[in-house]
Amino acid sequence: MALAVTSSSTAISGSSFSRSGASSDPKALQICSLRLSDRIHVSTLSQTRYSIKSHSRNNESFLPRASTLVTPEVEEKEEEVEDFEQLAKKLEDASPLEVMDKALQKFGSNIAIAFSGAEDVALIEYARLTGRPFRVFSLDTGRLNPETYRLFDAVEKQYGIRIEYMFPDAVEVQALVRNKGLFSFYEDGHQECCRVRKVRPLRRALKGLKAWITGQRKDQSPGTRSEIPIVQVDPVFEGLDGGVGSLVKWNPLANVEGVDVWNFLRTMDVPVNALHAQGYVSIGCEPCTRPVLPGQHEREGRWWWEDAKAKECGLHKGNIKEKDGDATADLAPVIVKDIFESENVVALSRGGIENLVKLGSRKEPWLVVLYAPWCPFCQAMEASYVELAEKLAVKGVKVAKFRADGDQKEFAKQELQLGSFPTILLFPKSAPRAIKYPSEHRDVDSLMSFVNLLR
């Protein structure tokens, strides 16, 4: 007969045991009619708790022919899953410092701050103020402004850190540039270039983390970032453990307005990108970033040749608000308040604008804005356009608006020279074709000069 013994501390051979029903040895250890040979130290067994399983060939319940000593099974407790949706609600009114502290406390070295070289340097300052250790990473696309690289260096020296830079795959960049040139994004959109230079390097960076911290704010981009939560399970990227739900995304600045971020940076004397002093607000790669003008939304400085709704690079795709799951749909709320409301601004219907286009000569010149009420760029020029309408009313110039989003967008593109919102057209009295306002300056004086020179 053989007896097998298993435990976390020792394994004992079956040869050490024999049948002992008739034994009279007082030194023998009795275990269910089996004795342990003197060759085995009892002290070893006494240190381990055992249970006995019987293996009997008949129905005898107590006297087994063979027994196995095994360790008791330990039930593993399932790790509690954090409800980040509920946590986001709890932190809705928390300060950025409180959110940052919570994030660093919860994830330790498995979380890092994503730093773009713009005003999100505030995140690094908040991390410093928590007193906790923190990591910072950045995407070096190879096409950043020199001022951005100098900021990286200043931040490393200020905070005594080393930024973990991620670079695009050289083979992919080489293939893109050889096949399509250095500036293909001006012709067919920026998404392909951003995918190669930003999104894929970010994906690699996040695979080594369990959470990341971004500088996203709700007021940053038209219709796309208005519903950013304080914290969420990242809906797009995967983290260290792999699979859906393996990465958590923290947005400490979600509820903070841009002006408050800048007040914080000035107060704390934090190093900032020198481009901000030159009119840049949202800063990305050099070919795709430019200063914004008075009255313009900050995202008008990015990919200015594309529509407002396209001004995302893909890093925060999971936070882009879409309509009916269609990424190309207008990113507008279902119900939106109209703009340019004034007795001096005529609201044109589709038939009205078509008739205006067909007229070879008109009784008076018309100035028409093609707009979408949800577009912050249109909202930003509302006051100046209404004021302009009041001044032109006494000069015999009709001022109008035509809503060109939704079902009217294709028509506006084909017939009205719509490129992006807002587009401003002047229909002179005698010219058959409308003249498109070419400037980004949408203040009253600039628009008035345009009308006076051409009407």
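Residues numbered from 1 in each chain as written. Predicted model: local features only at pLDDT ≥ 70, side-chain atom pairs only at ≥ 80, totals over all residues. Heavy atoms only, no water.

- The chain goes by adenylyl-sulfate reductase (glutathione) in an unreviewed UniProt entry, where it is assigned to Eruca vesicaria subsp. sativa.
- Turning to the chain, the UniProt record has this under Sequence similarities (unreviewed entry): "Belongs to the APS reductase family." (UniProt positions renumbered as here; feature names shortened; annotations may be inferred.)

### Quick word on empty space enclosed by the protein
Here is step 1 of the chain: For the structure on display, the rule yields 4 cavities of 30 Å³ or more.
Here is step 2 of the chain: Here the second largest cavity defines a volume of roughly 110 Å³.
Here is step 3 of the chain: No other element matches the 4 residues that helix α8 (residues 191-206) contributes to the lining of the second largest cavity.
Here is step 4 of the chain: Of the residues in the lining of the second largest cavity, the class split is 6 nonpolar, 2 polar and 4 charged. (1 Å grid on protein atoms, 1.4 Å probe; cavity = no way out; pocket = protein on both sides within 12 Å on 5 of 7 lines; lining within 4 Å. Points joined across faces, edges and corners; volume = space filled by probe spheres on them. Helix = DSSP H or I, 4+ residues; strand = E, 2+ residues; numbered from the N terminus. Nonpolar A, V, L, I, M, F, W, Y, C, P; charged D, E, K, R; others polar.)

### Points about the pattern of salt bridges
Here is step 1 of the chain: Counting across every chain of the model gives 18 salt bridges.
Here is step 2 of the chain: Among the ionic pairs, R217 bridges to E119, the shortest N-O distance being 3.0 Å. Taken together, the residues R217 in the loop between β11 (211-213) and β12 (231-233) and E119 in the loop between β8 (111-114) and α4 (121-130) connect sequence positions 98 residues apart.
Here is step 3 of the chain: Relative accessible area serves as the criterion here: at 9%, E119 is assigned to the buried category.
Here is step 4 of the chain: In this structure, the salt-bridge partner of E354 is R350, at a minimum N-O distance of 2.9 Å. Of this pair, E354 and R350 both sit in helix α10 (residues 350-358), 4 residues apart, which is roughly one turn of the helix. (Salt bridge = Lys/Arg side-chain N within 4 Å of Asp/Glu carboxyl O. Buried < 20%, exposed > 50% of the residue type's maximum accessible area, 1.4 Å probe, protein only.)

### Some thoughts on the sheet that holds β12
Here is step 1 of the chain: Across the sheet, which stays open at both edges, the 6 strands sit in the order β10-β9-β8-β11-β13-β12 with mixed pairing between neighbours. Strands with a single pairing partner mark the edges of an open sheet, and in this sheet they are β10 (164-166) and β12. Averaged over neighbouring strand pairs, the angle between their axes works out to 25° when direction is ignored.
Here is step 2 of the chain: Running at roughly 155° to strand β13 (residues 248-250), helix α3 (residues 96-107) makes contact with β8, β11 and β13 of the sheet.
Here is step 3 of the chain: In this fold α8 packs onto β9 (136-139), β10 and β11, with an angle of close to 155° to the strand it touches most, β9. (Pairing = 2+ DSSP bridges. Axes fitted to C-alpha atoms, helices over the stretch in contact; angles between N-to-C directions. Contact = heavy atoms within 4.5 Å.)

### Describing the nonpolar core
Here is step 1 of the chain: Counting 44 residues, the largest nonpolar core has I113, F115, I213 and W250 as its most contacted members.
Here is step 2 of the chain: Broken down by element, this core gets its largest block of residues, 6 residues, from α4.
Here is step 3 of the chain: Those residues within four positions of F115 in sequence are excluded, and the remaining contacts are D120, V121, I124, V136, F137, S138, L151, F152, V155 and I163.
Here is step 4 of the chain: Residues W374, V399, L426 and Y437 belong to the second largest nonpolar core, which totals 43 residues. (Core = buried A, V, L, I, M, F, W, Y, C linked by side-chain atoms within 4.5 Å.)

### Some remarks on the side chain of D405
Here is step 1 of the chain: As for its placement among the helices and strands, D405 is situated in the loop between β16 (398-403) and α13 (409-415).
Here is step 2 of the chain: Taking the relative accessible area as the measure of exposure, D405 reaches 7% and is therefore buried.
Here is step 3 of the chain: A polar atom in the side chain of D405 sits 2.9 Å from the side chain of W374. (Polar contact = N/O pair within 3.5 Å; in protein donor to acceptor, adjacent residues only side chain to side chain.)

### Points about the pairing of β8
Here is step 1 of the chain: Because side chains alternate across β8, one face comprises the buried residues I111 and I113, and the other comprises A112 and A114, equally buried.
Here is step 2 of the chain: Taken together, the 3 bridges between β8 and β11 define a ladder with parallel strand orientation. Following the sheet pairing, I113 is matched in β11 by I213.
Here is step 3 of the chain: Bridging between β8 and β9 involves 2 bridges; their strand directions are parallel. Within β9, the position partnered with I113 by the bridge is V136.
Here is step 4 of the chain: With α4 bridging β8 and its parallel neighbour β9, the resulting β-α-β unit is right-handed. (Right-handed = clockwise from strand over helix to strand, strands pointing away.)

### Observations regarding helix α6 (residues 170-180)
Here is step 1 of the chain: Two or three places before V171, at the start of α6, stands the capping residue D169, its side-chain oxygen 3.0 Å from that residue's backbone nitrogen.
Here is step 2 of the chain: Trailing α6 by a residue or two, G181 shows a phi angle of about 90°, which is positive.

### Comments concerning the sheet that holds strand β17 (residues 423-427)
Here is step 1 of the chain: If you trace the 5 strands from one edge of the open sheet to the other, you get β14-β16-β15-β17-β18, paired in mixed fashion. At either end of the open sheet lies a strand with only one pairing partner, and these are β14 (345-347) and β18 (435-436).
Here is step 2 of the chain: The sheet contact formed by strand β15 (residues 366-371) and β16 spans 6 bridges and is parallel. Bridge pairing links L370 to F402 in β16.
Here is step 3 of the chain: Of the strands in this sheet, β15, β17 and β18 touch helix α14 (residues 444-454), which is tilted by about 25° from β17.

### A short note on the environment of A254
Here is step 1 of the chain: Looking at where A254 falls in the secondary structure, it is placed in the loop between β13 and α9 (258-268).
Here is step 2 of the chain: Residue A254 is classed as buried on the basis of its relative accessible area of 2%.
Here is step 3 of the chain: Residues A254 and E227 lie 27 residues apart in sequence; the distance between their C-alpha atoms is 8.8 Å.
Here is step 4 of the chain: Setting aside residues up to four positions removed in sequence, A254 forms contacts with Q216, R217, K218, I228, P229 and I230.

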